[in-house]
Amino acid sequence: MKLPLSYYSNQDVLFLAQDLLGKVLFTKINDEITAGIIVETEAYNGISDKASHAYGGRRTDRTETLYSHGGVSYVYLCYGIHHLFNVVTSVDDEPHAVLVRAIEPLIGMEIMELRRNMPASKAAISAGPGSAAKALGIDRSLNKKDLNGSEIWIEDHGIQYSADNIVAGPRIGVAYAQEDALLPWRFFIKGNKYVSKPNTI
DNA sequence: TCCGTGATGCACT
DNA sequence: GTGCATCACGGAC
């Protein structure tokens, strides 16, 4: 059920960003299990990607996680408020990552409703990377965890989306990345209400 | 629309 | 070592 670490060693981060759509992201925090279907991702393509924290091969205490082998979580704080969850992919010293931007709640709805203080029927409960992470109880204590462990992992439930139902568009909030800001490296499920705005290209 | 909130990274001593 | 601009966002107006 759990995706093996070998799944994440694929060196094509654009492929994995799309393949992770439909996979189910689980967390177990204080014995409470919650999970959601991944419906929106963004690819961050290593040292040549100006939007990546590892652009130009930058290594700092924070970005060190990105240089791990594939199948490790990368969680960091953004704007002082939001915890953002990424999946590190590829091999050692190749800092590729996929940002999970939205999930569709699947398991542990009432726990997620308490964490977010809103009903799961509202799309905002897990639309957007900060909200999705909060619904799943993810914070920086889950940084640099193997994704086949007991705290956070991803399963394949056989959910498949046809190419027609996957939309590619520019990534959100990366205007600083100049020409790389226009690359169509954001992927989401057409029509899914939990996809963050803007949910068109 | 506007702005909170805090870690981070880098330019400086 | 210290200061400060910057930031993969979201929610209250």
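The structure this text deals with has already been given above.
This section reports on the structure supplied with the text. Worth saying up front: this structure is predicted, and the values here are computed from it rather than measured.

Some details on the protein's contact with DNA strand C
At step 1: Neighbouring residues of DNA strand C: 20 residues in total, closest His 82, Asn 86, Arg 116, Gly 173 and Tyr 176.
At step 2: The sugar-phosphate portion of DNA strand C accounts for 61% of its atoms within 4 Å of the protein, the bases making up the rest.
At step 3: Measuring from a phosphate oxygen of DNA strand C, one finds a backbone N or O atom of Pro 129 at 3.1 Å.
At step 4: Sorting the residues of the surface near DNA strand C by element identifies strand E3 (72-78), strand E4 (82-89) and helix H3 (129-135) as the ones contributing at least two each.
At step 5: In terms of residue class, the surface near DNA strand C is built from 12 nonpolar, 7 polar and 1 charged.

What to know about a nonpolar patch on the surface
At step 1: Residues Ile 33, Leu 106 and Ile 107 make up a contiguous nonpolar surface patch of about 200 Å² in total accessible area.
At step 2: Overall, the relative accessible area of 32% leaves Ile 107 in the partly exposed class.

Details of the protein's contact with DNA strand B
At step 1: In the neighbourhood of DNA strand B, the contacting residues comprise Arg 58, Thr 60, Arg 62, Thr 63, Tyr 79, Gly 80, Ile 81, His 82 and Arg 140.
At step 2: Residue Arg 58 places a side-chain N or O atom 3.0 Å away from a phosphate oxygen belonging to DNA strand B.
At step 3: Tyr 79 is positioned with one of its backbone polar atoms (N or O) 2.5 Å from a base oxygen of DNA strand B.
At step 4: Taken together, the residues of the surface near DNA strand B break down into 2 nonpolar, 4 polar and 3 charged.

With respect to the side chain of Arg 115
At step 1: For Arg 115, the position within the fold is in helix H2 (residues 109-116).
At step 2: Summary of buried charges: Arg 115 has no salt-bridge partner, and the nearest side chain of opposite charge, Glu 32, is 4.2 Å away.
At step 3: Polar side-chain contacts of Arg 115 include one of 3.1 Å to the side chain of Thr 34.
At step 4: Contact partners of Arg 115, with chain neighbours within four places excluded, come to Ile 29, Glu 32, Thr 34, Lys 134, Ala 135, Leu 136 and Gly 137.

Brief notes about unusual backbone geometry
At step 1: In the Ramachandran plot, Asn 30 falls in the positive-phi region, its phi being about 50° despite a non-glycine side chain.
At step 2: With respect to the helices and strands, Asn 30 occurs in the loop between strand E1 (24-29) and strand E2 (32-45).
At step 3: Positive phi outside glycine occurs at Lys 144, with the angle close to 60°.
At step 4: By secondary structure assignment, the location of Lys 144 is in the loop between H3 and strand E6 (152-155).
At step 5: Residue classification places Lys 144 among the partly exposed residues on the basis of a relative accessible area of 46%.

Focus on the packing of aromatic side chains
Here a ring pair, both rings aromatic, is described through the centre-centre distance and the interplanar angle of the planes.
At step 1: Enumeration over the complete set of coordinates arrives at 3 aromatic pairs.
At step 2: Measuring from centroid to centroid gives 5.2 Å for Tyr 7 and Tyr 8, while their planes differ by 90°, and the two rings are edge-to-face.
At step 3: A relative accessible area of 16% means that Tyr 7 is categorised as buried.
At step 4: Ring centres of Phe 26 and Trp 153 lie 5.3 Å apart, and the angle between their planes is 10°; this geometry places the pair in the stacked category. Placement of Phe 26 in strand E1 and of Trp 153 in strand E6 is noted, with a sequence separation of 127 residues between them. For the pair shown, Phe 26 and Trp 153 are each scored as buried.
At step 5: The ring of Tyr 76 carries the charged tip of Arg 62 above its face, separated from the ring centre by 5.3 Å.
At step 6: The aromatic ring of Tyr 44 is capped on one face by Arg 171, whose charged end is 4.8 Å from the ring centroid.

Rules used in this analysis
- Along each chain, numbering runs from 1 in the same order as the chain's sequence is written.
- Whichever chain is written first becomes A and whichever ligand is written first becomes 1, with later ones labelled in order.
- Note on the predicted model: pLDDT of at least 70 is required for a residue's local features to be given, and 80 or more for side-chain atom pairs to be given and counted; whole-chain, interface and lining totals, by contrast, use all residues.
- Excluded from the side-chain calculations are hydrogens and water; all other atoms, namely the structure's heavy atoms, are used.
- When we say a residue is near a molecule or strand, we mean one of its heavy atoms is within 4 Å of it.
- Counted as a polar contact is a pair of N or O atoms within 3.5 Å, where, for protein atoms, one must be capable of donating a hydrogen and the other of accepting one, and residues adjacent in sequence contribute only when both atoms are in side chains.
- In this description a helix means any DSSP run of H or I spanning at least four residues, a strand means any run of E spanning at least two, and both kinds are numbered starting from the N terminus.
- For this classification, Asp, Glu, Lys and Arg are treated as charged, while Ala, Val, Leu, Ile, Met, Phe, Trp, Tyr, Cys and Pro are nonpolar and the rest, including Gly, are polar.
- A patch consists of residues exposed above 30% relative accessible area that lack any salt bridge, with like charges linked at up to 9 Å and nonpolar side chains (Val, Leu, Ile, Met, Phe, Trp, Tyr) linked at up to 5 Å.
- In these tables, accessible area is a Shrake-Rupley quantity obtained with a 1.4 Å probe, and a residue counts as shielded only by the protein chains included in the view.
- By definition, a salt bridge exists where a carboxyl oxygen of Asp or Glu is found within 4 Å of a side-chain nitrogen of Lys or Arg.
- Exposure classes here rest on a 1.4 Å probe applied to the protein chains alone. A residue is buried below 20% of its type maximum, exposed above 50%, and partly exposed in between.
- Only four residue types enter the charge count, namely Lys and Arg as positive and Asp and Glu as negative; His and the chain termini do not.
- Contacts between residues were defined by any pair of non-hydrogen atoms, one from each residue, lying within 4.5 Å.
- The pairing test for Phe, Tyr and Trp rings, Trp by its six-membered ring, is centres within 6.5 Å, and the orientation test on the planes gives stacked under 30 degrees, edge-to-face over 60, and tilted for anything in between.
- Our definition puts a charge over a ring when NZ of Lys or CZ of Arg is within 6 Å of the ring centre and also within 35 degrees of the ring normal.

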